[in-house]
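Each chain, written out:
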Amino acid sequence: MRKLWLAFPLALLLAACTITIDISQGRIPGLYVKILGYETEYKDSKGGSYICDNTFTTGRYNFRFEGDLDRWESVFVGQTTGERSTVSTYVYGDNTYVEDPPGYIQVNFAFGPGAAPYLVSGQQMSKIVVVPTPNIIGYTQLELTFYNSAGNSGKVLLKGIPVIDNCPNP
């Protein structure tokens, strides 16, 4: 299996939280991931997303794709500790995620208080809460592995998702 590891600067993630990735050129035959991003309900005044360590946090990641997507796996990993959440596996067409319009995938996730970087469950974001002065205590990263129907895979790693400990309770 061929793997593609990509790391992205924190500034890029905080500014746009959206990136474009091509994992088809010699990586995964017939599969092109066009857009990949994440957001949470807790944001700073510029729109940067945070995972809260002191309260429940919901969020989502999304991507657009073209081609032969069979399944993908997602896991959150502590950037310095290496602690890993349970791997979540999604099979294309199994309705455990939102696809609207076709080829645009959105997956909801949630963290309980004190659980970052561990994934807890899939709750849907329902509000946006502004954190005036975020106090960053660490970082987590989202690791996604995409597979085509032949079993070829490519991996994307989004580093620098900040974890803060001073989110206001909604």
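Residues numbered from 1 in each chain as written. Predicted model: local features only at pLDDT ≥ 70, side-chain atom pairs only at ≥ 80, totals over all residues. Heavy atoms only, no water.

Undergrad: Mind showing me how you'd approach the pairing of strand β6 (residues 71-78) here?
TA: Across the eight residues that make up β6, a large majority, six, are buried. Relative to strand β7 (residues 88-91), β6 is paired through four bridges, and the arrangement is antiparallel. Paired with Glu73 across the two strands is Thr89, which belongs to β7. Inspection of the sheet shows β6 paired to strand β11 (residues 136-147) by eight bridges, in the antiparallel sense. Note that in β11 the partner of Arg71 across the bridge is Tyr147. (Buried < 20%, exposed > 50% of the residue type's maximum accessible area, 1.4 Å probe, protein only. Helix = DSSP H or I, 4+ residues; strand = E, 2+ residues; numbered from the N terminus. Pairing = 2+ DSSP bridges.)

Undergrad: What am I meant to see in the sheet that holds strand β12 (residues 153-164) here?
TA: Think of a sheet as strands paired side by side through backbone hydrogen bonds, with each pair either parallel or antiparallel. The seven strands lie next to each other as β7-β6-β11-β12-β4-β3-β10, forming an open sheet whose pairing is mixed. With one partner strand each, in any of the chains shown, β7 and β10 (129-130) form the two edges of the open sheet. Where strand β3 (residues 42-43) lies against strand β4 (residues 49-52), two bridges are found, and the strand directions are antiparallel. By the bridge assignment, Lys43 is partnered in β4 with Ser49.

Undergrad: I would appreciate a short explanation of the environment of Gly93 in the present structure.
TA: For Gly93, the position within the fold is in the loop between β7 and β8 (98-99). Gly93 gets classed as exposed once you look at its relative accessible area, which sits at 51%. Each C-alpha atom of the pair Gly93 and Asp70 lies 8.6 Å from the other, and the pair is 23 residues apart in sequence.

That's the geometry; what it means functionally is another story.
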